[in-house]
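One-letter residues, chain by chain:
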Amino acid sequence: MAGGYSSSSSKTSRGVNLRLFQPRLVLALLVLAAATLSWLAISHSSLLLTSNADLLKEEDKAIQPKKQRAKSSKLPPTPNPYHNWDLFTLDFQEMLNNLKIFVYPHVSNSSSPFASIFFPHPDPFNPKLGNYFSEHMFKISLLRSSFLTSHPEEAHFFFMPFSINALRNDPRVHSEESIAEFVARYTTHIAREFGFWNASWGSDHFYVCCHSVGRDAASKHRHLQSNAIQVWPRVPEIPLNPPHSRTRLAFFAGRTQNSRVREELISMWGNDTSMDIFSGNPPTSYEEGFRRSRYCLHVKGYEVNTARISDSLHYGCIPVIISNHYDLPFANVLDWNKFSVIISHGDIASLKQILLSISREMYLDMYQNICQVRKHFQWHLIPKGYDSFHMTAYQLWIRRS
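As the structure is a computational prediction, the values presented were derived from the model and not from experiment.

Conventions used here
- Residues numbered from 1 in each chain as written.
- Predicted model: local features only at pLDDT ≥ 70, side-chain atom pairs only at ≥ 80, totals over all residues.
- Heavy atoms only, no water.
- Helix = DSSP H or I, 4+ residues; strand = E, 2+ residues; numbered from the N terminus.
- Buried < 20%, exposed > 50% of the residue type's maximum accessible area, 1.4 Å probe, protein only.
- Areas by Shrake-Rupley, 256 points an atom, 1.4 Å probe, with all protein chains shown as cover.
- Expected span 1.5 Å × (residues − 1).
- Contact = heavy atoms within 4.5 Å.
- Polar contact = N/O pair within 3.5 Å; in protein donor to acceptor, adjacent residues only side chain to side chain.
- Patch = residues over 30% accessible without salt bridge, like charges linked within 9 Å, V, L, I, M, F, W, Y side chains within 5 Å.
- Salt bridge = Lys/Arg side-chain N within 4 Å of Asp/Glu carboxyl O.
- Pairing = 2+ DSSP bridges.

Caption draft 1: Quick peek at the overall build of the protein chain. Within the protein chain one finds 13 helices and 12 strands. The 401 residues of the protein chain split such that 56% are buried. Accessible area for the protein chain stands at about 17,000 Å²; split by element, carbon and sulfur atoms hold 50% of it.

What follows is the structure, encoded as structure tokens:
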């Protein structure tokens with residue numbers, strides 16, 4: 001075992017209330033959170049996370065300390081993008097008061113030769129991180145949050161603090177196969193050195209990643225494998241282009257490689273004069289395509305998940321999700337039918353007709369709802385309100401039993 005896994009922590013679960021660690025069956029879950037491509041997965045053995053947002057004025061405050069009651073949350077103005085705002089805020093407050101997460105001590109073990117794999121990133125806003133931003137922001141946010149506990153016996157979940165991004169950049173590991181081997185060895189290590197993994201076979205353990213390589217990272221440990229769902233967020237929030245300035249009906253730009261659905265889309269609508277549908281890079285900036293369009297298309301590429309849903313919310317463009325099945329982020333809280341258009345692959349031929357059939361009033365309602373839900377996809381150095389970090393934590397909270 002590599003030296004980076006050594007720990008002087010207790011090797012048994014003696015003294016632990018094992019009632020808290022009974023095995024749990026945790027189904028695949030989707031979560032959204034923060035600035036760039038990332039994803040969370042939960043399964044019989046582990047969780048992989050990711051997570052972006054802006055806050056309404058009365059919500060734009062740091063989360064209250066434990067046991068302090070939040071000021072009563074007003075119902076969001078109509079139109080309302082939530083399934084049940086009252087029930088959500090009550091349960092959310094319960095989470096703020098009670099959720100506890102134990103972080104394995106490798107996150108602060110400076111003597112380990114693999115310390116850089118586990119330490120928080122010193123500059124998470126470095127633009128070079130690109131798609132890996134949210135991976136680092138979740139760890140930083142967790143370590144600064146009231147959810148952190150140094151008492152594993154009271155923890156609902158256990159965070160495995162290795163960084164997939166750091167592993168990819170470490171010449172000792174780097175390749176996807178080596179990353180999977182590292183993660184498998186680390187998992188075996190904590191199972192041997194601590195009693196918490198074995199009590200639940202890892203069903204209350206999770207780690208964070210921001211790339212499709214994260215799914216393969218669990219491939220060499222049977223109990224760590226899970227069904228991952230990609231999610232993507234953006235930073236920071238920007239002023240939105242208002243509806244009257246959005247002169248194009250729809251926008252899409254992306255490679256068609258490995259995607260028959262995209263090929264069909266380009267073939268059918270690539271020359272339409274009211275829509276900007278491009279194979280590869282658009283003639284103008286990618287961002288401008290989102291800013292000047294009313295609808296932006298999310299179409300399966302190599303995988304069903306792409307960053308375009310997050311891009312759409314970030315730029316205030318109504319997402320059009322072309323998929324036969326897609327687990328949408330925070331779907332237990334957000335009613336996606338109220339701020340997106342969802343169609344099947346077989347409806348591509350009717351795409352323009354479907355979009356033109358949406359009334360101006362309905363479009364404006366969806367736009368206003370996007371203005372509300374954007375707050376759930378934003379990161380802050382100090383977590384606050386209903387931001388990406390807390391929404392991701394809430395997805396864990398509702399699956400704690």
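Caption draft 2: Layout of the environment of Q378. Turning to its location among the elements, Q378 is positioned in the loop between α12 (360-373) and α13 (388-397). The exposure class of Q378 is buried, given its relative accessible area of 12%. Considered as a pair, Q378 and F389 are 11 residues apart in the sequence and their alpha carbons are 8.1 Å apart.

Caption draft 3: Highlighting helix α1 (residues 85-98). In this model α1 runs 20 Å from its N-terminal to its C-terminal C-alpha over 14 residues, within 8% of the 20 Å that 1.5 Å per residue would give. Every buried residue of α1 is listed here: W85, F88, T89, F92, Q93, M95, L96 and N97. Tucked into the core, α1 has its buried residues touching α13. With a side-chain oxygen lying 3.3 Å from the backbone nitrogen of D86, the N-terminal cap of α1 falls on N84.

Caption draft 4: The arrangement of a nonpolar patch on the surface in detail. Taken together, the side chains of F125, L381 and I382 define a hydrophobic patch exposed on the protein surface, amounting to about 290 Å² of accessible area. For L381, the location among the structural elements is in the loop between α12 and α13. Judged by relative accessible area, L381 falls into the partly exposed class, the value being 38%.

Caption draft 5: Inspection of the pairing of strand β10 (residues 293-299) at higher detail. In terms of residue burial, β10 counts as a mostly covered element, since 6 of its 7 residues are buried. Taken together, the 3 bridges between strand β8 (residues 248-254) and β10 define a ladder with parallel strand orientation. Counterpart to F251 in the pairing with β10 is C296. Inspection of the sheet shows β10 paired to strand β11 (residues 318-322) by 5 bridges, in the parallel sense. By the bridge assignment for β11, L297 is matched with V320.

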